[in-house]
Amino acid sequence: MRAHMPGVGGTALQEAGTCSQPRPDWSNLGAPSQALGCSIFPSRMAPAARGAGAAPRQDVGDVTCPLLFIQLNQLLSTPEGLEWREMARCIKFEEKVEDGGERWSSPHVPALPLHSLFQLRTCLQKGMVLLDLDAASFKEIIDKVLSGNPEEAELQPALRERLTALLLLQPRHQPMKSLLQFLTELTLSPCRGKAKGRSEPRAQLSKTPLKEQLRNRFRKKVPPGAEAAHVAVGEVEFLEKPVTAFIRLRHGVSLGSLAEVALPSRFLFILLGPPKVKAYHEVGRAMATLLMDELFQRVAWQAEHREDLITGMEAFLDELIVLPPGKWDPSARIPPPSSLSSPCRRWLHGNGDMAAPGDRASPGHPRSGEELERTGRLFGGLLRDIRRKAPWYCSDFSDALHPQCLSAVLYIYLATVTNAITFGGMLGDATANMQGVLESFLGTAFAGFIFCLFSGQPLTILSSTGPVLVFERLLFSFSQDHNLDYLEFRLWIGLWVAFFGMVLVATEASHLVRHFTRFTEEGFCALISLIFIYDSLKKMLSLADAFPINWQYRLDNVTSYSCTCNLSSPGHSSAGNDTLLPSPLLPPQPPATPEGLSRTQCLDQGGHLLGTSCQYVPDVTLISFLLFGGTFLSCAALKRFRSSCYFPAGVRKLVSDFAIILAILASCAVDATLGLETPKLLVPSELKPTNPARGWVIIPFGANPWWVCLVSAVPAVLVTILIFMDQQITAVILNRREYKLQKGAGFHLDLLCVSLLMVVTSVTGLPWYVSATVISLAHMESLRKESETSAPGEHPEFLGIREQRLTGLAVFILMGVSVFMAPVLKHIPMPVLYGVFLHMGVAALNSIQVRGGCTGAAGGGCFGDQGVCSAPAPTAELGF
């Protein structure tokens, strides 16, 4: 049986080095089988292991544990003699040198023979353990290890010298090779083969890092502040018993060229023994795997006695899951899981708690924060929002100085333009052009700019929404039926809505957000996302009506599609026999006269075809759907390009940041190359109302009876409820804890801005605006911050959102000048923008949690926190 190690792999806890939850009481690790509830018999550990001595220190929560780069060197016999060779390396997952020693394997979860763990425990019980050793070089460490053996196992001076010389040999590393280096070596492979055939003297370990270590590309994979741990195992003919030692240095020390990358070293494990035992390699892998575990790392860092290490290993063994031999393929490598439990959660789970105390609260709400607490004073919440956001105002502009923000501006700008055109067109149809595309452009630019400049959450994008559009349609119909002026009636409703909004802000009504459940938020987000998906598909299907597909096309009737048959010699026209028939959009018709020849008849009589449509029929609908689907798939693929295996990490990150823009540019290039007349983005080019009968300022009196200004309060209540729910639910979704926002929310301040904008948009006859859920989520997604370095097999750590105001301001400034950019924007096909709409809807739908998922080991289908085991190789005891 083989054991898959639990918790092998990294979490945010290990990278940060400290546990964000309350400090675990490590004294419980003294009796691991009792603490974890895995044993039916009392623990056989020594009293020191069960008591305070087993707890490394009570201040463990304050100790920072750097990430460990673990290197496994094995002593191998070569024609030139014994040689140390790097066989594996680990940070959060294991990488092995593949057969042939030319490349590294992909990162995977290590699977170990269960017997190797028992042998490793024996090594810790009977071998030498040196904790907090003071040494400045590897030679000094070796001298102290070989001279510190017990008297009954004291080594002879000659034997000690031979071991010292053996341990100080320079190991052969297996560095990562760039593509250029690989091609160079492949070209020079005959010369390299001759060089290998020559005998080279074995070098001694260098006291300073080699150039290869300093130039090693793998150094970029190691997070800052990491330290090295060395595992050295091998067979030695002149030893009769194994020599084993576990060393923890008091301070991180550079050990010259011992490690593959130049890092300060902290832990060392040495195991040398007679050649009759073949288990050294697996014991070394077991030690490396143990040091990868976050919980054992903390124990090893704080251990004061040998029993502490053994206790930590016992706790490690209690989490193993064993797979019986013959029921799985031991050669199969388990890929790294997408998510892992934190060490704090593992420890609390082992003690009977399923979640840490801080995790029991709903992870999606800032309910425990001060944003939604009532002050009991008029405008108290608003003043608190202003005081909270004011210190961050300058940084809201300086934090935007990053290339990622440029990508976000272009992405959200195109999405907002498409949304403005779509809703502007629908508003024009619903209101007889009293509000149209131009009003939608100007209103979006003005309202969005003011909101991003003064709001509490500037990442929010304002836009016209579906519920507001429905109300506008109903209001216009009501006005027409009762002979009321629509814009004047709408003006008074907007003024009442602004008044009611101010009342809600003064009374701190935003605290009602506390009562919004996660299900309500997810349902609202799913509804808006499905609307985006539905609208994009509906727009594409409508193209079939504007550009009907020619289902009756037949190749034999190609002459019916603006194609002529010339019976004269090539290059000369025969007017009497040329037949020019209907355009490609008309269905094919049979020849109406005897002179009308089909393609077959023309070729049979020795003629040839003339015309641009003789080889194909342009199909606008087909290419539009191809652009639509290609843009959507390109957006999704390029967005995930960050985690691919191609190109350096910097290139992958850049491509992922500009994924939407690259997809749009690629689709536009395809459309321009084909030259088909696909529907293009059309923006207004003149600053005048869509309906000439209206002006830019709405007069509040004169067109309607005086009592309309009072009756307008009734529908204004409905609009207020609609806008409050739409605005605040979106605000709650954007301010969830999982986005790791640092600058706080501003529920009251956002509602105040929306209310004041209602006054301006109502007076000028512009559409009403509220937070757009899907576009705002897309805005935040485009500003995600992730760790620059990640261990092999580990996903980049999500660090939060780039909180700033500049991207929103730039988007709405571009919206305002779009009227003057019509000659450029007219080259963007609308199917491409509909594909971006579909991507935004799908991405927002994927962000909700109302869907099934993997339940870990309990579900029986996941390799989560638990482990996997494989069959053991036949091994013998180490001979202690």
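Residues numbered from 1 in each chain as written. Predicted model: local features only at pLDDT ≥ 70, side-chain atom pairs only at ≥ 80, totals over all residues. Heavy atoms only, no water.

## Focus on the overall build of the protein
Working step 1: When you go through the protein residue by residue, the secondary structure sums to 31 helices and 16 strands.
Working step 2: Within the protein, the proportion of its 880 residues that are buried is 52%.
Working step 3: Long-range pairs, those at least 24 residues apart, make up 81% of the contacts in the protein between residues at least 6 apart in sequence.
Working step 4: Counting every atom, the protein has about 40000 Å² of accessible surface; 62% of that belongs to carbon and sulfur. (Helix = DSSP H or I, 4+ residues; strand = E, 2+ residues; numbered from the N terminus. Buried < 20%, exposed > 50% of the residue type's maximum accessible area, 1.4 Å probe, protein only. Contact = heavy atoms within 4.5 Å. Areas by Shrake-Rupley, 256 points an atom, 1.4 Å probe, with all protein chains shown as cover.)

## Some remarks on unusual backbone geometry
Working step 1: Positive phi is not limited to glycine here, since Ala432 has a value of about 55°.
Working step 2: Along the chain, the position of Ala432 falls in the loop between α16 (403-430) and α17 (437-454).
Working step 3: Assessed through its relative accessible area of 43%, Ala432 is described here as partly exposed.

## Structural notes on the pattern of salt bridges
Working step 1: For the structure on display, the rule yields 19 salt bridges.
Working step 2: Among the salt bridges present, the one from Arg172 reaches Glu83, with a minimum N-O distance of 3.0 Å. On the criterion of sequence distance, the pair formed by Arg172 in the loop between α6 (157-167) and α7 (179-187) and Glu83 in strand β3 (residues 81-90) is long-range, its members being 89 residues apart.
Working step 3: Given a relative accessible area of 15%, Glu83 falls into the buried group.
Working step 4: Here Asp132 and Arg248 are joined by a salt bridge, their closest N and O atoms 2.9 Å apart. Of this pair, Asp132 sits in strand β6 (residues 128-133) while Arg248 sits in strand β8 (residues 243-254), and the two are 116 residues apart along the sequence.
Working step 5: In this structure Arg248 comes out as buried when scored by relative accessible area, which is 2%. (Salt bridge = Lys/Arg side-chain N within 4 Å of Asp/Glu carboxyl O.)

## Focus: the sheet that holds strand β4 (residues 94-96)
Strands in a sheet are paired, the pairing made by backbone hydrogen bonds, and the direction either parallel or antiparallel.
Working step 1: Pairing in this open sheet of seven strands is mixed, and the strands run β4-β3-β2-β7-β9-β8-β6 from one edge to the other. Two strands in the sheet have a free side with no partner beyond their single neighbour: β4 and β6. Pairwise comparison of adjacent strand axes, ignoring direction, gives a mean angle of 20° for this sheet.
Working step 2: Taken together, the five bridges between β6 and β8 define a ladder with parallel strand orientation. Bridging from a neighbouring strand, Leu133 pairs with Leu249 of β8. (Pairing = 2+ DSSP bridges. Axes fitted to C-alpha atoms, helices over the stretch in contact; angles between N-to-C directions.)

## Observations concerning the confidence of the model for the protein
Working step 1: On average, residues of the protein score 74 in pLDDT, and 74% of them are at 70 or above.
Working step 2: The secondary structure element of the protein with the lowest average pLDDT is helix α1 (residues 12-16), at 34, and the one with the highest is helix α27 (residues 747-763), at 91.
Working step 3: Every residue in residues 352-368 is under pLDDT 50, and counting partners more than four places away or in other chains gives 43 contacts.
Working step 4: Low pLDDT, under 50, characterises residues 852-876; the predicted model gives this stretch 59 contacts beyond four residues in sequence or across chains. (pLDDT = per-residue confidence, 0-100.)

## A closer look at the nonpolar core
Nonpolar side chains tend toward joint burial in soluble globular proteins.
Working step 1: By size, the foremost hydrophobic cluster in this structure holds 74 residues, and its most contacted members are Tyr411, Leu681, Ile801, Met815 and Met840.
Working step 2: Per-element tally for this core: the top contributor is α16, with 11 residues.
Working step 3: Those residues in contact with Tyr411, other than ones at most four positions away along the chain, are Ile660, Ile661, Ala778, Ser782, Val836, His839 and Met840.
Working step 4: Counting 38 residues, the second-largest nonpolar core is a separate cluster that includes Val233, Phe246, Val283 and Leu309. (Core = buried A, V, L, I, M, F, W, Y, C linked by side-chain atoms within 4.5 Å.)

## As for the packing of helix α14 (residues 380-389) against α27
Working step 1: Where α14 meets α27, the axes come as close as 7 Å, and the angle between the chain directions of the two elements is 105°. Overall, the two elements α14 and α27 adopt an arrangement that is roughly perpendicular. Mapping the contact onto sequence places Gly381, Leu382, Asp385 and Ile386 in α14 and Phe747, His748, Leu749 and Leu752 in α27.
Working step 2: In terms of residue class, the contact of α14 with α27 is made up of five nonpolar, two polar and one charged. (Parallel < 35°, antiparallel > 145°, perpendicular 65-115°, else oblique. Nonpolar A, V, L, I, M, F, W, Y, C, P; charged D, E, K, R; others polar.)

## With respect to the packing of helix α19 (residues 486-506) against helix α26 (residues 713-734)
Working note: a packed helix pair is described by the angle between its axes plus the distance between those axes.
Working step 1: Closest axis-to-axis distance for the α19/α26 pair is 8 Å, and the angle between their directions is 55°. As the angle between them shows, α19 and α26 are arranged oblique. The two elements α19 and α26 meet at a crossing, and its hand is right-handed. Between α19, through Phe489, Ile493, Trp496, Val497, Phe500 and Leu504, and α26, the contact on the second element is made entirely by Ala713, Pro715, Ala716, Val717, Val719, Thr720, Ile723 and Phe724. (Left-handed = near helix turned anticlockwise from the far one by under 90°.)

## Considerations on the state of the cysteines
Covalent bonding between the sulfur atoms of two cysteines defines a disulfide.
Working step 1: The tally for this structure, following the rule as stated, stands at one disulfide.
Working step 2: The residue that forms a disulfide with Cys565 is Cys602, at a sulfur-sulfur distance of 1.8 Å. Disulfide Cys565-Cys602: the torsion about the S-S bond is 95°, which places it as right-handed. On the criterion of sequence distance, the pair formed by Cys565 in strand β12 (residues 564-566) and Cys602 in helix α21 (residues 599-604) is long-range, its members being 37 residues apart.
Working step 3: By relative accessible area, which is 0% here, Cys602 ends up buried.
Working step 4: Counting only cysteine sulfurs, Cys452 is the nearest neighbor of Cys753, a cysteine outside any disulfide, at a range of 10.0 Å.
Working step 5: With a relative accessible area of 10%, Cys753 lands in the buried category. (Disulfide = S-S within 2.5 Å.)

## Notes on the pairing of strand β2 (residues 68-78)
Working step 1: Where burial is concerned, most of β2 is hidden: nine out of the 11 residues are buried.
Working step 2: Relative to β3, β2 runs antiparallel, the two sharing nine bridges. In the strand pairing of β3, Ser77 is matched with Leu82.
Working step 3: Connecting the antiparallel pair β2 and β3 is a turn made up of two residues.

## Concerning the packing of aromatic side chains
Working step 1: Applying the stated criterion to the full structure yields 10 aromatic pairs.
Working step 2: Consider the rings of Trp496 and Phe499, whose centres lie 6.1 Å apart with planes at 85°: the pair is edge-to-face. With Trp496 and Phe499 both in helix α19, this residue pair falls three residues apart, about one helical turn.
Working step 3: Trp496 sits in the partly exposed class, given a relative accessible area of 24%.
Working step 4: An aromatic cluster is present here, built from Phe246, Phe267 and Trp301 joined pairwise through their rings.
Working step 5: In this arrangement the basic side chain of Arg490 is found over the ring face of Trp768, its NZ or CZ atom lying 4.4 Å from the centre. (Phe/Tyr/Trp six-rings, centres within 6.5 Å; stacked < 30°, edge-to-face > 60°. Lys NZ or Arg CZ within 6 Å of the ring centre and 35° of its normal.)

## Considerations on a nonpolar patch on the surface
Working step 1: A cluster of nonpolar side chains, contributed by Leu378, Phe379, Leu383 and Ile386, occupies part of the molecular surface with about 370 Å² of accessible area.
Working step 2: Inspection of the secondary structure puts Leu378 in the loop between α13 (343-350) and α14.
Working step 3: A relative accessible area of 65% places Leu378 in the exposed class. (Patch = residues over 30% accessible without salt bridge, like charges linked within 9 Å, V, L, I, M, F, W, Y side chains within 5 Å.)

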